[in-house]
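Residues per chain, in single letters:
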Amino acid sequence: MSHYSEVVIELTDEGCLVAALSRLGFKGKVEVHREAQPLYGYQGDVRAQKAHVIIRQQHVGRAANDLGFERQTDGKYRVWVSDYDQKYNKYNDAWMGRLKQAYGVEKTRAEARKKGYRVSEKKLDDGRIQLVLRR
Amino acid sequence: MSAEIVLEFWEDGQVNLEGKGFKGQACFKEMQFLKDALGVETSSTKKQEFYQAEVKRDGKVKAR
């Protein structure tokens with residue numbers, strides 16, 4: 001053993017973001033666009049916000065608004081979640097944490113594969129997900 | 001013991017990486033691609049083995 005690191009995950013990879021959303025129950029329900037598209041409110045009203053990766057309101061929850069991920073010029077995704085959905089549909093900080101957890105797992109799997117690692121995955125009792133990379 | 005990298009992803013979006021079985025700076029080199037891919041490194045701790053000699057392929061030992 002020789003080295004520990006701690007990293008805070010950032011969303012930058014479109015494919016891994018979509019895979020992470022699938023892990024959280026949105027498999028087949030995610031729109032991906034080359035150009036950012038408008039988000040809609042629960043009454044069908046067009047919002048000022050746009051996004052490249054979108055989950056439409058009917059998949060988000062009751063009386064929900066669209067949930068979007070907008071790619072910034074630095075390559076990082078900005079997340080658009082309405083105040084209502086944070087409060088009443090539980091797309092809050094805890095959900096964002098689980099999304100980043102799932103994204104991290106998918107991103108690590110993808111990068112490790114390119115480097116020729118074998119990856120094993122285990123869900124731990126306290127909610128952590130453990131990956132072990134070996135050659 | 002063969003070298004391996006262990007990652008633990010927390011539900012708050014944080015991840016801990018640990019290199020096992022590496023000697024010296026090989027650990028840093030092997031783990032860097034993951035740090036680059038995942039996000040921002042907030043802390044890093046070298047363990048005792050980091051300061052151990054690195055055995056080169058030709059059998060010579062590089063002192064640290």
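Residues numbered from 1 in each chain as written. Chains lettered and ligands numbered in written order. Predicted model: local features only at pLDDT ≥ 70, side-chain atom pairs only at ≥ 80, totals over all residues. Heavy atoms only, no water.

### With respect to the overall build of chain B
Inference 1: Secondary structure summary: chain B contains one helix and five strands in total.
Inference 2: When the helices and strands of chain B are placed in sequence order, the string is β-β-α-β-β-β.
Inference 3: For chain B, the residues scored as buried account for 38% of the 64 residues in total.
Inference 4: When the accessible surface of chain B is split by element, carbon and sulfur atoms take 48% of a total near 3800 Å². (Helix = DSSP H or I, 4+ residues; strand = E, 2+ residues; numbered from the N terminus. Buried < 20%, exposed > 50% of the residue type's maximum accessible area, 1.4 Å probe, protein only. Areas by Shrake-Rupley, 256 points an atom, 1.4 Å probe, with all protein chains shown as cover.)

### Thoughts on the overall build of chain A
Inference 1: When its secondary structure is counted, chain A shows four helices and seven strands.
Inference 2: The order of α-helices and β-strands along chain A, N terminus first, is β-α-β-β-α-β-β-α-α-β-β.
Inference 3: Of all 135 residues assigned to chain A, the portion counted as buried reaches 44%.
Inference 4: Long-range pairs, those at least 24 residues apart, make up 42% of the contacts in chain A between residues at least 6 apart in sequence. (Contact = heavy atoms within 4.5 Å.)

### A few points about the packing of aromatic side chains
Inference 1: On inspection of all chains with the given rule, the structure shows four aromatic pairs over all chains.
Inference 2: On the numbers, 4.9 Å between centres and 40° between planes, the contact of Tyr84(A) with Tyr88(A) is tilted. Of this pair, Tyr84(A) and Tyr88(A) both sit in helix 3 (residues 83–88), separated by four residues, roughly a single helical turn.
Inference 3: By relative accessible area, which is 30% here, Tyr84(A) ends up partly exposed.
Inference 4: Between Tyr117(A) and Phe33(B), the aromatic rings sit 6.0 Å apart at their centres with planes inclined by 10°, giving stacked as the arrangement. (Phe/Tyr/Trp six-rings, centres within 6.5 Å; stacked < 30°, edge-to-face > 60°.)

### Comments concerning the interface of chain B and chain A
Inference 1: Opposite the 40 residues of chain B that make contact, chain A presents 35 residues.
Inference 2: Together chain B and chain A conceal approximately 3600 Å² of surface at their shared face, both sides included; 54% is due to carbon and sulfur atoms.
Inference 3: Three residues stand out in chain B for area buried against chain A, namely Phe9(B), Glu11(B) and Phe33(B), and they jointly supply 20% of the buried area on that side.
Inference 4: Counting across the interface, chain B meets chain A through 22 residue pairs in polar contact (both at pLDDT 80 or more).
Inference 5: Secondary structure elements with two or more residues in the side of chain B that touches chain A: strand 1 (4–9), strand 2 (14–20), helix 1 (26–38) and strand 3 (39–46) of chain B.
Inference 6: Among the elements that make up the side of chain B that touches chain A, the one with the highest residue count is helix 1 of chain B (nine residues).
Inference 7: When the residues that make up the side of chain B that touches chain A are grouped by side-chain class, the tally is 17 nonpolar, 11 polar and 12 charged.
Inference 8: In this sheet, strand 3 of chain B lies alongside strand 1 (residues 3–9) of chain A in antiparallel orientation, the contact comprising seven bridges. (Buried area = accessible area lost by both parts, 1.4 Å probe. Polar contact = N/O pair within 3.5 Å; in protein donor to acceptor, adjacent residues only side chain to side chain. Nonpolar A, V, L, I, M, F, W, Y, C, P; charged D, E, K, R; others polar. Pairing = 2+ DSSP bridges.)

### What about the pattern of salt bridges?
All names here are of chain A.
Inference 1: Counting across every chain of the model gives 16 salt bridges over all chains.
Inference 2: Here Glu111 ties to Lys114 by a salt bridge, and the two come within 3.2 Å at their closest N and O atoms. Taken as a pair, Glu111 and Lys114 lie in helix 4 (residues 93–114) at a separation of three residues, close to a single helical turn.
Inference 3: Relative accessible area serves as the criterion here: at 14%, Glu111 is assigned to the buried category.
Inference 4: The class for Lys114 is exposed, based on a relative accessible area of 66%.
Inference 5: Residues Arg128 and Asp126 are paired through a salt bridge, measuring 2.8 Å at the closest nitrogen-oxygen approach. (Salt bridge = Lys/Arg side-chain N within 4 Å of Asp/Glu carboxyl O.)

### What about unusual backbone geometry?
Residue and element names in this part refer to chain A.
Inference 1: A positive phi angle, near 55°, is found at Ala63, a position not held by glycine.
Inference 2: The residue Ala63 is located in the loop between helix 2 (57–60) and strand 4 (67–71) in this model.
Inference 3: With a phi angle near 65°, Lys90 is a residue other than glycine that sits in the positive phi range.
Inference 4: Residue position: Lys90 is located in the loop between helix 3 and helix 4.

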